[in-house]
Amino acid sequence: MAAPSTKSRLLAVVWCFLMPLGVIGGYLGVGFAVVAAVGEPILGTIVLGGVVFLLVGAARLLRPGWLAYEPAARPLPETPRLTRMVLGGLALAFLAGQSLALWLYSLGGSTGFDQSVQARQDAGVIAALLLALVAAPLAEEMLFRGLLYPLLRRRIGIIGSVLVTTTVFGLVHGNVVQFASTLPLAVLLALVYERTRVLWPCVLMHLGFNLVATFVPPVLVTPLANPVSALLLITAFLGCALMLYRKIATPTVLLADEPAMDMGDGKEGDPRTV
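From a predicted model like this one, the values you see are computed outputs, not experimental measurements.

K.L.:
With reference to specific residues and values, describe the side chain of Asn-175.
P.N.:
Here Asn-175 shows up in the loop between helix H6 (158-172) and helix H7 (176-196). What makes Asn-175 buried here is its relative accessible area of 9%. A distance of 3.3 Å separates a polar side-chain atom of Asn-175 from the backbone nitrogen of Val-177.

K.L.:
Pulling in residues and values, what's your account of the packing of aromatic side chains?
P.N.:
Inspection of every chain in the model, using the stated rule, returns five aromatic pairs. Residues Tyr-105 and Phe-113 carry aromatic rings whose centres are separated by 5.7 Å and whose planes lie at 75 degrees to one another, so their mutual orientation is edge-to-face. Note on Tyr-149 and Tyr-193: the rings are 5.9 Å apart at their centroids and 75 degrees apart in plane angle, and the pair reads as edge-to-face. Of the two residues, Tyr-149 is situated in helix H5 (residues 125-153) and Tyr-193 in helix H7; the sequence distance between them amounts to 44 residues.

K.L.:
If you had to explain the pattern of salt bridges to someone new, which residues and values would you point to?
P.N.:
In total, this model carries three salt bridges according to the counting rule given. When the shortest N-O distance is used, the salt bridge between Arg-153 and Glu-194 registers 3.0 Å. Here Arg-153, found in helix H5, pairs with Glu-194, found in helix H7; they are 41 residues apart in sequence, far enough to count as distant. Take Arg-153 and Glu-194: they sit in the same class, and that class is buried. Ionic pairing is found between Glu-194 and Arg-197, a salt bridge with its closest N-O pair at 3.3 Å. What makes Glu-194 buried here is its relative accessible area of 0%. Through salt bridges with shared partners, a single network forms among Arg-153, Glu-194 and Arg-197.

Rules behind the numbers
One numbering rule holds for all chains: residues counted from 1, following each sequence as written. In keeping with the model being predicted, local features are shown solely for residues with a pLDDT of at least 70 and side-chain atom pairs are shown and tallied solely at 80 or more, while totals for entire chains, interfaces and linings include all residues. Values shown for side chains rest on all heavy atoms present in the structure; no hydrogens or waters enter the calculation. Each helix is a run of DSSP H or I of at least 4 residues and each strand a run of E of at least 2, with the numbering of both proceeding from the N terminus. Three exposure classes are used, based on accessible area relative to the maximum for each residue type with a 1.4 Å probe and protein chains only: buried under 20%, partly exposed in between, and exposed over 50%. What qualifies as a polar contact is a pair of N or O atoms within 3.5 Å, subject to a donor-acceptor requirement within protein and to the restriction that residues adjacent in sequence count only when both atoms come from side chains. Each Phe, Tyr or Trp ring (for Trp, its six-membered ring) is paired with any other whose centre lies within 6.5 Å, and the angle between the two planes then decides the class: stacked below 30 degrees, edge-to-face above 60, tilted in between. Salt bridges are counted wherever a side-chain nitrogen of Lys or Arg sits within 4 Å of a carboxyl oxygen of Asp or Glu.

Here you go:
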């Protein structure tokens, strides 16, 4: 297979900038309008989640070709083993993200995070739970794994798509604490979507992550707020993510009479379900 030309590489780089800007710009524009109309930030964010879910869901249902990419997902005989790997990765993602976030918060705090916590408290328990356990998992998975990741993946490989989606996902949370805590989760969710090409496993994992983050007493994770724990847990998570990536991205050997387009980019993957 011929190496990509300089022009195609340049177009891929431009695509990596324009797609996130377009998706997030549209999301924020609609978000500001919805929050202004509702008049309360948490309730407005919940309504925005419903709007995103309906719009992206309709696009995926009515125009699936817009978000399809090669190589197509293929069955994998190791689903139970991969399920255990993903669940282990989810536990490590939570611990690594919490450790890094708590350590960073202990160094200098985070005004943005404090304001986010205060807004949830002001909105009340029901609204905060609706946001964390319903609106956020549905809307964010639709937006990031259901829209942005496939658009990126149409032009670039798995690693580039995962890194860009993960970075944008963290930045949208608006503060260093939530940015750090969500990075491992975003990596794992992108890999799971690459394996499955469906969103319900990602939504369930996101919901489980938020559920644990909401109800686990802070005293149980506070001991992780140090650089040693953060480094060890992040290293362990990256090891798990690398093993999962290798399962996903193993190149397929083609028969002599198979068309070259089925080779993809040499980074093809068989997504998996949890």
